Amino acid sequence: MSGMTGDPRGEPPRRPARDGFPRQDGAGSRGDDGTPAASLAVALGAGAALVAASLVTRRRTRQRERALRHTDSAPERARRAPSGSATLTANAVTINRPRDELFAFWRAFENLPAFMENVLAARPLGQDRWEWRIGAPAGRSVRLETVVTDERPGERIAWRSLPGSDVEAEGDVTFRDAPAGRGAVVEATVAYHPPADELGRLIATLFQREPQIQGRRELRRFKMLMETGEIATSANRRPEAQEG
Amino acid sequence: MRALTWHGTHDVRVDTVPDPQIVNPRDAIIEITSTAICGSDLHLYNGVIPGLMAGDILGHEFMGRVVEVGPKSTLKKDQRVVVPFTISCGACYFSGKEQYSACDNSNPAEKQDLSAPFYGHPMSGLSAIRT
């Protein structure tokens, strides 16, 4: 027991549960003599094994939680982040281009519809406010007006929606150097609150059409566009390509 | 153009299909002069690849002649070319290391969904989902 509980260094468990189980071997020896002392030993052994197993399980859970807090998986972090009633999604992609070039392309917001399937149009309203038209099912679209809330050149763009938008949303996109000269890691996070009316339900349906997958595809298309100058498609005729 | 198309297990036919067009700047249209049958084609022929749909065009190892190129293509009209089974973008990290089969960009983003749950991250080389 002491070997299992007295390890304050927080190292990964070295299979202590297995070390505990041989105590159950007492069950085998019980048949040998069958004395009350042996039964007591068996009971103690089984209890000790149970306590050991539960301690190990708890420690493993804590370690998993610690590991996830520091994970470099953006989708995983978004899943675990406290976001209240908002829906939060995040994605990241590594792009083999310089960070500043990626930032500059993204910052020219009129470029975004080129790789964001759902964004039909982006229009500047002045003073860094932009109007977005986002495609919805049944040929409808929703309108979003946004303002940039934070900008660090080459590093981060944060934005939020303004009153009067069909959906309340905010998000950011960050750019950081990838290790070993592999370009840059781009991470995009979006949190949104659909309103509680009919249009809201429509928006919810629209966004819940696998928002995580949609977000990842958009970043993959951004990567393709920046690395190769084109977005891969399996369409072999132009009308099909435009349909997406 | 004429093309070998799949219609079901052990049912392939040479059909007339719409001519291809240049869609992306680095595209090229190749008139095929001869082709190989790959082991993968046999998997398709035997009907064991999910996602295959009636009318899909078969064949991915061939040689031929360039008939049309996009504005950013490095090929020239009338060149004779050989096309291997791997396609790669030439611009991603893996292409730069000549690890062409690991290319990040050669398959469409919407066809990379299956590899994320399978391998923990999306990658290009698996394209079993047809959307």
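Look up a bit, the structure's there.
As a starting point, this report considers the structure included with it. (Residues numbered from 1 in each chain as written. Chains lettered and ligands numbered in written order. Predicted model: local features only at pLDDT ≥ 70, side-chain atom pairs only at ≥ 80, totals over all residues. Heavy atoms only, no water.)

## Examining the overall build of chain A
Here is step 1: A tally of regular secondary structure across chain A gives 9 helices and 7 strands.
Here is step 2: Taken over 244 residues, chain A has a buried fraction of 37%.
Here is step 3: Across chain A, every contact between residues at least 6 apart in sequence was considered, and the portion connecting residues at least 24 apart equals 48%.
Here is step 4: Surface exposure of chain A reaches about 14000 Å², of which carbon and sulfur atoms provide 51%. (Helix = DSSP H or I, 4+ residues; strand = E, 2+ residues; numbered from the N terminus. Buried < 20%, exposed > 50% of the residue type's maximum accessible area, 1.4 Å probe, protein only. Contact = heavy atoms within 4.5 Å. Areas by Shrake-Rupley, 256 points an atom, 1.4 Å probe, with all protein chains shown as cover.)

## A word on helix α6 (residues 99-107) of chain A
All names here are of chain A.
Here is step 1: What α6 keeps buried is the set Leu102, Phe103, Trp106 and Arg107. The arc enclosing the buried residues of α6, seen along the axis, measures out at 125 degrees, which places them on a common side.
Here is step 2: Packing partners of the buried residues in α6 comprise β1 (87-95), β4 (141-152), β5 (156-161), β6 (168-177), β7 (184-193) and α8 (211-228). (Arc of directions from axis to C-beta.)

## Points about the sheet that holds strand β4 (residues 62-69) of chain B
Residue and element names in this part refer to chain B.
Here is step 1: Spatial strand order, β3-β4-β5: 3 strands in an open sheet with antiparallel pairing. In the strand order of this sheet, the two ends are held by β3 (28-35) and β5 (80-83), each with one partner. Between one strand and the next, the sheet's axes are offset by a mean angle of 40 degrees, whatever the strand orientation.
Here is step 2: With 7 bridges connecting them, β3 and β4 associate as antiparallel partners. From the neighbouring strand, Glu31 faces β4, where its bridge partner is Arg65. (Pairing = 2+ DSSP bridges. Axes fitted to C-alpha atoms, helices over the stretch in contact; angles between N-to-C directions.)

## Let's talk about the interface of chain A and chain B
Here is step 1: Counting from both sides, the interface comprises 23 residues of chain A and, opposite them, 28 residues of chain B.
Here is step 2: When chain A packs against chain B, close to 2300 Å² is buried across both sides, 46% of that on carbon and sulfur atoms.
Here is step 3: Remark: the boundary between chain A and chain B carries 3 salt bridges.
Here is step 4: In this structure, the salt-bridge partner of Lys223 of chain A is Asp104 of chain B, at a minimum N-O distance of 2.9 Å.
Here is step 5: At the junction of chain A and chain B, the tally comes to 12 residue pairs in polar contact (both at pLDDT 80 or more).
Here is step 6: Among the secondary structure elements, those contributing two or more residues to the side of chain A that touches chain B are α8 and α9 (238-243) of chain A.
Here is step 7: By residue number, the principal contributor to the side of chain A that touches chain B is α8 of chain A, which donates 9 residues. (Buried area = accessible area lost by both parts, 1.4 Å probe. Salt bridge = Lys/Arg side-chain N within 4 Å of Asp/Glu carboxyl O. Polar contact = N/O pair within 3.5 Å; in protein donor to acceptor, adjacent residues only side chain to side chain.)

## Some details on the pairing of β7 of chain A
Residue and element names in this part refer to chain A.
Here is step 1: Within β7, 7 of the 10 residues are buried, which leaves it mostly tucked inside the rest of the structure.
Here is step 2: Pairing between β1 and β7: 9 bridges, direction antiparallel. When the bridges of β7 are listed, Thr89 appears paired with Val190.
Here is step 3: Both β6 and β7 contribute to a ladder of 10 bridges, which runs antiparallel. By the bridge assignment, Asp172 is partnered in β7 with Thr189.
Here is step 4: Taken together, β6 and the strand that follows it, β7, pair antiparallel across an intervening segment of 6 residues, in which Ala180 is found at a positive phi of about 60 degrees.

## Let's talk about the pattern of salt bridges
Residues and elements named next belong to chain A.
Here is step 1: The final tally for this structure, using the stated rule, is 20 salt bridges over all chains.
Here is step 2: With its nearest N and O atoms 3.2 Å apart, the salt bridge here joins Glu155 to Arg152.
Here is step 3: Residue Glu155 is classed as partly exposed on the basis of its relative accessible area, which comes to 36%.
Here is step 4: By relative accessible area, which is 40% here, Arg152 ends up partly exposed.
Here is step 5: In the salt-bridge network here, residues are joined through shared partners; they are Asp150, Arg152, Glu155, Arg156 and Asp172.

## Describing α8 of chain A
Here is step 1: The end-to-end C-alpha distance of α8 of chain A, which contains 18 residues, comes to 25 Å, matching closely the 26 Å that a straight helix rising 1.5 Å per residue would cover.
Here is step 2: Phi for Gly229 of chain A, located one or two positions after α8 of chain A, is positive at around 85 degrees. (Expected span 1.5 Å × (residues − 1).)

## Concerning the sheet that holds β7 of chain A
Residues and elements named next belong to chain A.
Here is step 1: The antiparallel open sheet is built from 7 strands, whose spatial order is β1-β7-β6-β5-β4-β3-β2. At either end of the open sheet lies a strand with only one pairing partner, and these are β1 and β2 (119-126). Taken over all neighbouring pairs, the strand axes of this sheet differ in orientation by 20 degrees on average, direction set aside.
Here is step 2: The pairing of strand β3 (residues 129-135) with β4 spans 7 bridges and is classified as antiparallel. Directly across from Trp132, in β4, lies its bridge partner Leu144.
Here is step 3: Seen against the sheet, α6 touches β1, β4, β5, β6 and β7 and runs at an angle of roughly 155 degrees to β6.
Here is step 4: The strands that α8 touches are β1 and β7; relative to β1, the one it contacts most, it runs at about 25 degrees.

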